[in-house]
Amino acid sequence: MLSESRRRYVLYYFLENDHANIESLSLQIAAWSQDVTVDAITEEMKESVTTSLIHSHLPKLEDHGLIEYDGRTGDVIVADGFDEIRTTISRARAAEEEVEVTGSSIESFLYSEPLTQPSNADN
């Protein structure tokens, strides 16, 4: 359940809240995903998150008994199963906040020398 960032963010949200509306939840998750404030989120960004939550992530979390989602009202609340994994979610959130990505995208993953093109002398 924690392998996908949007599902993690939903669970992180419910560490501090017992209920939410799909609109406010989508807005917060979009902000966390982009590492910006809620004010910086565009309508398109929010709609993208809303769609993925409604069609994928909320149903999965609901199937596992972690949340309850009412599609008619857009209300999302924590379910009884959430308390069983609250500690795990707290640890995941703490670990994620500790991770600092450094380096540049041009560095090799294996820290090896970059491949070079053979020179004409090698042919």
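See the structure above.
Computed from a predicted structure; not experimentally measured.

Glancing now at the nonpolar core. Judged by nonpolar contacts, the single largest core of 25 residues is most densely connected at Val10, Phe14, Leu25, Leu53 and Leu58. Put simply, the parts of the chain that give this core at least two residues each are helix 1 (5–16), helix 2 (22–34), helix 3 (43–63), strand 2 (67–70) and helix 4 (80–98). Among the elements that make up this core, the one with the highest residue count is helix 1 (seven residues). If near-sequence neighbours (up to four positions away) are discounted, Phe14 is found in contact with His19, Ala20, Ile67, Val76, Val78, Phe82 and Arg86.

Let us look at the pairing of strand 2. Taking every second residue as pointing to the same face, the buried face of strand 2 carries Ile67 and Tyr69, while none of Glu68 and Asp70 on the other face is buried. In the sheet, strand 2 pairs with strand 3 (residues 75–78) via four bridges, with the strands oriented antiparallel. Across the sheet, the residue bridging to Glu68 is Ile77, located in strand 3.

One can describe the packing of helix 1 onto helix 3 by two numbers: an axis separation of 10 Å at closest approach and a directional angle of 75°. It follows that helix 1 is roughly perpendicular to helix 3 by the angle criterion. Residues Arg6, Arg7, Val10 and Leu11 of helix 1 touch helix 3, and the partners they reach there are Ser48, Val49, Ser52, Leu53, His57, Leu58, Lys60 and Leu61. Looking at the contact of helix 1 with helix 3 residue by residue, the classes come out as six nonpolar, three polar and three charged.

What counts, and where the lines are drawn
- By convention here, each chain's residues receive numbers from 1 onward along its written sequence.
- The predicted nature of this model means local features are confined to residues of pLDDT at least 70 and side-chain atom pairs, given and counted, to a pLDDT of 80 or more, with totals for whole chains, interfaces and linings taken over all residues.
- With hydrogens and water stripped out, all remaining heavy atoms of the structure feed into the side-chain values.
- We define a nonpolar core as any set of buried Ala, Val, Leu, Ile, Met, Phe, Trp, Tyr and Cys residues linked to one another through side-chain atoms lying within 4.5 Å.
- The rule is simple: take the accessible area with a 1.4 Å probe, protein chains only, and divide by the maximum for that residue type; under 20% is buried, over 50% is exposed, in between is partly exposed.
- Helix and strand assignments come from DSSP, with helices taken as H or I runs of at least 4 residues and strands as E runs of at least 2, each series counted from the N terminus.
- Contact criterion: two residues are considered in contact whenever any of their non-hydrogen atoms come within 4.5 Å of each other.
- Between any two strands, pairing holds if DSSP finds at least two bridges.
- Axes here refer to lines fitted to C-alpha atoms; in helices the fit is confined to the stretch in contact. Angles between the N-to-C directions go from 0 to 180 degrees.
- Here is the rule for angles: anything less than 35 degrees is roughly parallel, anything more than 145 is roughly antiparallel, 65 through 115 is roughly perpendicular, and the remaining ranges are oblique.
- When residue character is reported, Ala, Val, Leu, Ile, Met, Phe, Trp, Tyr, Cys and Pro are called nonpolar, Asp, Glu, Lys and Arg charged, and the others, Gly included, polar.

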